[in-house]
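Here are the chains, one letter per residue:
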Amino acid sequence: MEAKMLLEMYEQMDLIRTYEETLYYLFLEGIMPGSIHQSHGQEACAVGMLYGLRKTDYMASTHRPAGHDIAKGVSVKDMMCEMFGKEDGCCKGRGGAMHTGDITVGAIPANAIVGGNIPISTGIGLSLKMQKRDDVVVCFFGDGASNEGAFHEGLNGAAIWKLPVIFVCENNLYGASTSIKNTLNIEDIALRADSYGMPGEVVDGNDVLAVYAAAQRAITRARKGEGPTLLELKTYRIAGHSRSDGCAYRDDVEEAEWFARDPIELLKNKILKEKIADEQILADIHEKNEQIVNEAVDYAIEAKEPSVDDVLLNVYWEGD
Amino acid sequence: MAQLTMVQALNKAIADEMERDSSVFCLGEDISDKDGGFGGAFAVTRGLYEKFGEERVLNTPISEILISGAAIGAAMVGSRPIADLQYGDFIFCMMDQLCNQAAKMCYMSGGQVKVPMVLRAPVGATQRGAQHAQSLEGFFTRVPGLKVICPATPYDAVGLLKTAIRDDNPVIVFEHKKLYGGKRVEAGAIAPVGEVPDKEYTIDFGKAEIKREGTDITIVANLLMMYRAMEAASHLEKEGISCEVIDPRTLVPFDFDTVIKSVKKTGRLMIVHEDTYSNGWGAEISAYVAEHAIYYLDAPIVRVTTYDTPIPFSPVLEDYVIPSTERIIESVRQLMDS
Ligand SMILES: Cc1ncc(C[n+]2csc(CCOP(=O)(O)OP(=O)(O)O)c2C)c(N)n1
Ligand SMILES: [Mg+2]
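Residues numbered from 1 in each chain as written. Chains lettered and ligands numbered in written order. Predicted model: local features only at pLDDT ≥ 70, side-chain atom pairs only at ≥ 80, totals over all residues. Heavy atoms only, no water.

## Describing the domain arrangement of chain B
Much of the literature gives interface size as the accessible area that the parts lose upon coming together. Residues and elements named next belong to chain B. Convention followed: The split into domains, and so the bounds of each, comes from an automatic or database assignment of domains. By definition, residues are in contact when any of their heavy atoms lie within 4.5 Å. Between Lys or Arg on one side and Asp or Glu on the other, a salt bridge is scored when a side-chain nitrogen of the former is within 4 Å of a carboxyl oxygen of the latter. Contacts described as polar in this section are N or O atom pairs within 3.5 Å, which, within protein, must combine one atom able to donate a hydrogen with one able to accept it, while residues neighboring in sequence count only if both atoms come from side chains. What counts as a helix is a DSSP run of H or I of at least four residues, what counts as a strand is a run of E of at least two, and both are numbered from the N terminus. Just so you know the grouping, Ala, Val, Leu, Ile, Met, Phe, Trp, Tyr, Cys and Pro go in nonpolar, Asp, Glu, Lys and Arg go in charged, and all remaining residues, Gly too, go in polar.
Entries for chain B in the domain assignment read domain 1 (2–196) and domain 2 (209–337). Summarising the inter-unit geometry, the C-alpha centres of domain 1 and domain 2 are found 26 Å apart. Listed per partner, the contact involves 29 residues of domain 1 and 23 residues of domain 2. Here Asp156 and Arg249 are joined by a salt bridge, their closest N and O atoms 2.9 Å apart. Here domain 1 is connected to domain 2 by 11 residue pairs in polar contact (both at pLDDT 80 or more). Contributions of two or more residues to the side of domain 1 that touches domain 2 are made by helix H6 (137–141), strand S6 (147–149), helix H7 (154–166) and strand S7 (171–176). Among the residues making up the side of domain 1 that touches domain 2, the classes are represented as 15 nonpolar, 9 polar and 5 charged.

Below you can see the structure in the form of C-alpha cells.
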C-alpha cells in the first residue's frame, strides 16, 4: 500500500516538475505568452496535501497554481492549452497561468490576488457544512498572504463556525523578493492559529510523507466537523518568483542548504533505499511524464485560438 | 394586497425566497434578532431567525472581507447567499472580493463557475457624517460582471430583490435609508408605503418605469431622488412645465431604450441622483444619450447631483449638497429657458 502511494506521489511530483520546467523553456524560447510562477521545490506540499482527496473535495490555489492543480487532478493538456490562451484551455483561454483550475475535479479556478482565496475558502466550507456534506476545502497560500487582512477574517470565520477548511501556508521564506525576516515578527506562522482557537502545526514541507501525515490529521478533523486547521509547510522555491527573477535577494549558503533538500530527490532516495523501485522504474515514470507534457505542448500549439466574436461570453453567467 | 413599507417589502422578498429555496441564506453583522439582536442595522432581517434558524440567518463578526468572501465561496458551490452591509460605505472594506473575485470569477474561469450572490447596501445621507452617507451606485456600474439595482418602492423591492436572489450573477442592491420606513426614523424620511400583491411576482432587470408621463422634459432619477423629482414635477405642472419622470430601477443592466424614447418625445434630459456629479452614474447616461440621440435634444443634458464632496455632517450643509426638490425645480426652469 505504502509502496504504491510513494510511487504515485513520485509520479505526480515529477509530472509537476516536468510540466513547469517545460513551460519555463517555452517562455525562454518566446513560444509561450504571459508569465509563470513555478512551484519548483514545493512539489511535496501540493502532492502531500492533496494525495487521495476526493473529487468532491475542493482545493483553492494562488498565483502559483500548477502543482496544486495537477495534484488535484486537472488535466495537463487543459492546463497547457490555457497557458497558450487557447479555446481548449481549462478556462477557455480567458484565465491564463494564474487562474487555472477545473471545478469538475474540485480545483477552484486559481486566485491571483494574494490572500483573496482565503475568505472564499471559508465560504466554500460554510456551504459544505450547510449542505451537510463531509467534503473539505484545502486552501493554499504563501507566507506573504498570511499578512493580508483577508487571512485574519477568513481564518477567524472558519474557526468560529467550525468549518471543514484546511488552511495551508507554504512558507517559502519570501514574498516575491522580500524575506519573511522583514515581514514577520514571529518564527512560525502556525502560531497564528492560536489566536483563532484552531490547531496550528509546523511541518517539513519538503518531506512529502510528513506533509501527507499532517494533511490526514487535518482532513480527518475537518470531515468529522471539528473545524479548521492551519498547517505551515516550511519549504523553499528553487526557481525564481516569476519567470524573469534571478533571485538576487537570496544568499548562496541558504540556497545550497535548501537545494540539497530537493523534495523530489528526498523521495527518490527513500524509494531507492527502501527498494520500493529501482532507478529504471523511476526513469520510466519520468519518461512517461515527459511524453504527457510533450503531447500536451504539441496539442496546445496547434489548438484553435478563441474567437474574438466570443469575447463577451461569460461576463455574466450564460446559463446551466 | 398588502400595504408594506420598504423594510417590510424587503423582508418579505427574503423570507419568500428562503421559504422557496433552501440554498438561500443571509449573512451579515447583527442581522439576527436572536437574544435581543438588532435583526439588521435597519431591521430588514427581523423575524427571519425565528422562521429559519441560526444557520440561515448567520450573524458574522465585523469582517466585511469575510462577509463578501464567504458569500462568494458559498455561491460558487451551490448556495445563494444574501449578504448584508450595515452601511453602504463599508463596501470599500470588501472591494477586492467584489471587484476582483465576484465580478471576474465567471469570466476568468471560462464560464466554469457562477457566483449567484446578493449584497444589500444602504445608501443615502442621513445626518451621520461622511462615512455613513455615500451613494455608491456609480462605482459599481463600471465593473463588468456585477449587476446593480436600486429599488425605490415596496412593489419594486419585492419584485427586484426576488429576481436578484434568483439571478446567477453577483447583484448589488442599493437601498435608501430615507425610504426604509423601519423603526429608526430618519430626519426627512419619506418611508413610502405601497401596495404589494399577495400573488407571487418578479420584476425583470433592465426595465425602467415611467413614473409620470410628460412632454417637455425627461427626468431620470433613482431612489430618494425619484421622489423629489416627482414632487418637483407636480410643482412644475402648475407652472405649465410637463415633466416625464423615469425611475431606471436597475442601473446594470440599464434600460436606455425607455430613456431615449422619452427624450425623442421631450427633447430635454435631466438626470438626478444622490451620487456625485463627476462620474456618478448619470455621467454614463448623459454620454450614452449624447452618443445615440443627440439630434433629438433641444438643449444640453443637465445633471442635478450631490456636489463633489464627502457628505458633511451639519444638517445645513448636508441638505445643501444633496439635491433638494427646490434645486431640481430651479434646474428644470433654467433648462426650459435654455
Ligand atoms: C493583493 C496582492 N498584492 C500584491 C500582489 C503581487 N504579488 C504576486 S505574488 C506576490 C508574493 C506573494 O508571496 P507569498 O504569499 O509568500 O507567495 P509565494 O509567491 O511565495 O508563493 C506578490 C507580492 C498580488 N498578486 N496581490
Ligand atoms: Mg512566499
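## What about the side chain of Asn117 of chain A?
Residues and elements named next belong to chain A. For Asn117, the position within the fold is in helix H5 (residues 117–130). In terms of polar contacts, Asn117 uses its side chain to reach the backbone carbonyl oxygen of Ala60, at 3.3 Å. Within the local environment of Asn117, its side chain forms a polar contact with the backbone oxygen of Ser61, the two atoms lying 3.2 Å apart. With near-sequence residues (within four places) excluded, Asn117 lies in contact with Ala60, Ser61, Thr62, Asn111, Cys139, Phe140 and Phe141.

## Re the confidence of the model for chain A
Put simply, the rule is: Confidence scores per residue from the predictor, reported as pLDDT, run from 0 to 100.
Per-residue confidence for chain A averages 97 on the pLDDT scale, and 100% of its residues sit at or above 70. Per-element averaging of pLDDT across chain A places helix H1 (residues 2–28) of chain A at the bottom with 96 and strand S4 (residues 165–171) of chain A at the top with 99.

## Digging into the sheet that holds strand S10 (residues 217–221) of chain B
Residue and element names in this part refer to chain B. Here is the rule: Should DSSP find at least two bridges between two strands, the strands are taken to pair. Each axis is a line fitted through C-alpha atoms, and for a helix only the stretch in contact is used; angles between axes span 0 to 180 degrees, taken between their N-to-C directions.
Taken together, the 5 strands give an open sheet; going across it, the order is S9-S11-S10-S13-S14, and neighbouring strands pair in mixed fashion. Only two strands of the sheet have a single neighbouring strand rather than two, namely strand S9 (209–212) and strand S14 (302–306). Here the average twist between neighbouring strands, direction ignored, is 25°. Alignment of S10 against strand S13 (residues 269–276), held across 4 bridges, turns out to be parallel. The partner of Ala221 across the bridge, within S13, is Val272.

## Looking at the sheet that holds strand S3 (residues 57–59) of chain B
All names here are of chain B. Spatially, the 7 strands line up as an open sheet ordered S3-S2-S4-S5-S7-S6-S12, and their pairing is mixed. Looking at strand neighbours, the two that pair on one side only are S3 and strand S12 (250–252), the edges of this open sheet. When strand polarity is set aside, the average angle formed by the axes of neighbouring strands in this sheet is 20°. The sheet contact formed by S6 and S12 spans 2 bridges and is antiparallel. Opposite Val148, over in S12, you have Val252 as the bridge partner. Those strands touched by helix H1 (residues 6–20) are strand S2 (24–28), S3, strand S4 (80–84), strand S5 (118–123) and S7, and its axis lies near 130° from that of S2.

## Topic: the interface of chain A and chain B
To keep things clear, this is the line we draw: Accessible area that two parts lose when put together, evaluated with a 1.4 Å probe and summed over both, is termed the buried area.
Facing the 43 residues of chain A at the interface are 42 residues of chain B. When chain A packs against chain B, close to 3300 Å² is buried across both sides, 64% of that on carbon and sulfur atoms. It is Glu153, Tyr316 and Trp317 of chain A that lose the most area in chain A upon contact with chain B, and together they represent 22% of the buried surface on that side. Applying the counting criterion to the chain A and chain B interface returns 1 salt bridge. The salt bridge partner of Asp320 of chain A is Lys114 of chain B, with a shortest N-O separation of 3.1 Å.

## Let's talk about the packing of H1 of chain A against helix H4 (residues 76–83) of chain A
Residue and element names in this part refer to chain A. Here is the rule: Oblique is the label for any angle not covered by the other classes, which are roughly parallel (under 35 degrees), roughly antiparallel (over 145) and roughly perpendicular (65 to 115). Working rule for handedness: look at the near helix, and if it is turned counterclockwise from the far one by less than a right angle, call the crossing left-handed; if clockwise, right-handed.
Interaxial distance between H1 and H4 falls to 12 Å at its minimum, and their mutual angle equals 20°. The angle between the axes of H1 and H4 places the two elements in the roughly parallel class. In the packing of H1 onto H4, the handedness of the crossing is right-handed. Note on element contacts: H4 touches H1 through Val76, Met79, Met80 and Met83, opposite Leu15, Tyr19, Leu23 and Phe27. Here the residues of the contact of H1 with H4 sort into 8 nonpolar, no polar and no charged.

## Points about the site of ligand 1
The line we're drawing: Nearness here has a simple test: a residue counts as near a molecule or strand if at least one of its heavy atoms is within 4 Å of that partner.
Every one of the 15 residues lining ligand 1 counts as a neighbour, but His63, Arg64, Ala112, Gly144 and Asn172 of chain A are closest to it. Note that an oxygen atom of ligand 1 is positioned 2.7 Å from one of the side-chain N or O atoms of His63 of chain A.

## Quick word on the nonpolar core
For clarity, the cut-off: Note on terminology: a nonpolar core comprises buried Ala, Val, Leu, Ile, Met, Phe, Trp, Tyr and Cys residues joined through side-chain atoms within 4.5 Å. Burial classes: relative accessible area under 20% of the type maximum marks a residue as buried, over 50% as exposed, and values in between as partly exposed (1.4 Å probe, protein chains only).
Ranked by internal contacts, the top residues of the largest apolar core, which has 152 residues, are Phe167 of chain A together with Ile91, Phe140 and Phe174 of chain B. Here the element with the most residues in this core is helix H8 (residues 223–238) of chain B; it accounts for 9 residues. Two domains each provide a minimum of three residues to this core, namely domain 1 (2–196) and domain 2 (209–337) of chain B. The residues touching Phe174 of chain B, leaving out its near neighbours within four places in the chain, are Ile91, Ala121, Val123, Leu136, Glu137, Phe140, Val148, Ile149, Cys150, Pro151 and Leu223 of chain B. Core analysis: the next-biggest nonpolar cluster, separate from the first, contains 65 residues, Val47, Tyr212, Leu233 and Ala300 of chain A among them.

## Points about helix H9 (residues 256–266) of chain B
If you check which residues of H9 of chain B are buried, you get Phe256, Thr258, Val259, Ile260, Ser262, Val263 and Thr266 of chain B. Along its buried surface, H9 of chain B packs onto S9, S10, strand S11 (243–247), S13 and helix H10 (281–293) of chain B.

## So, the environment of His152 of chain A
Among the structural elements, His152 of chain A can be located in helix H6 (residues 149–160). For the pair His152 of chain A and Ile118 of chain A, spaced 34 residues apart in the sequence, the C-alpha separation amounts to 9.0 Å.

## Here's the deal with the packing of H1 of chain A against helix H9 (residues 263–273) of chain A
Residues and elements named next belong to chain A. Contact geometry for H1 and H9: axes closest at 10 Å, N-to-C directions at 150°. Taken together, the axis directions place H1 and H9 in an arrangement best described as roughly antiparallel. For H1 against H9, the interelement crossing comes out left-handed. For the pair H1 and H9, contact is made by Leu6, Leu7, Met9, Tyr10, Met13, Asp14 and Arg17 and by Pro263, Ile264, Leu267, Lys268, Lys270 and Ile271, respectively. Taken together, the residues that form the contact of H1 with H9 break down as 9 nonpolar, no polar and 4 charged.

## Let's talk about H1 of chain B
The test is simple: In this analysis, the expected span of each helix is defined as 1.5 Å times one less than the number of residues it contains.
Taking 1.5 Å per residue as the helical rise, H1 of chain B with its 15 residues ought to reach 21 Å, and the 21 Å between its terminal C-alpha atoms agrees with that figure. The set of residues buried in H1 of chain B consists of Met6, Val7, Ala9, Leu10, Asn11, Ala13, Ile14, Ala15, Glu17 and Met18 of chain B.

## Structural notes on a negative patch on the surface
Rules: Patch rule: a residue counts if its relative accessible area is over 30% and it has no salt bridge; like charges are joined within 9 Å, and nonpolar side chains (Val, Leu, Ile, Met, Phe, Trp, Tyr) within 5 Å. Accessible areas in this description were obtained via Shrake-Rupley with a 1.4 Å probe; residue shielding takes into account the shown protein chains only. Note on charges: Lys and Arg go in the positive column, Asp and Glu in the negative column, and His and the chain ends are not counted at all. For the purpose of locating charges, the reference atoms are NZ of Lys, CZ of Arg, CG of Asp and CD of Glu.
There is a patch of like negative charges on the surface, built from Asp278, Asp284, Glu287 and Glu290 of chain A. Glu287 of chain A gets classed as exposed once you look at its relative accessible area, which sits at 54%.

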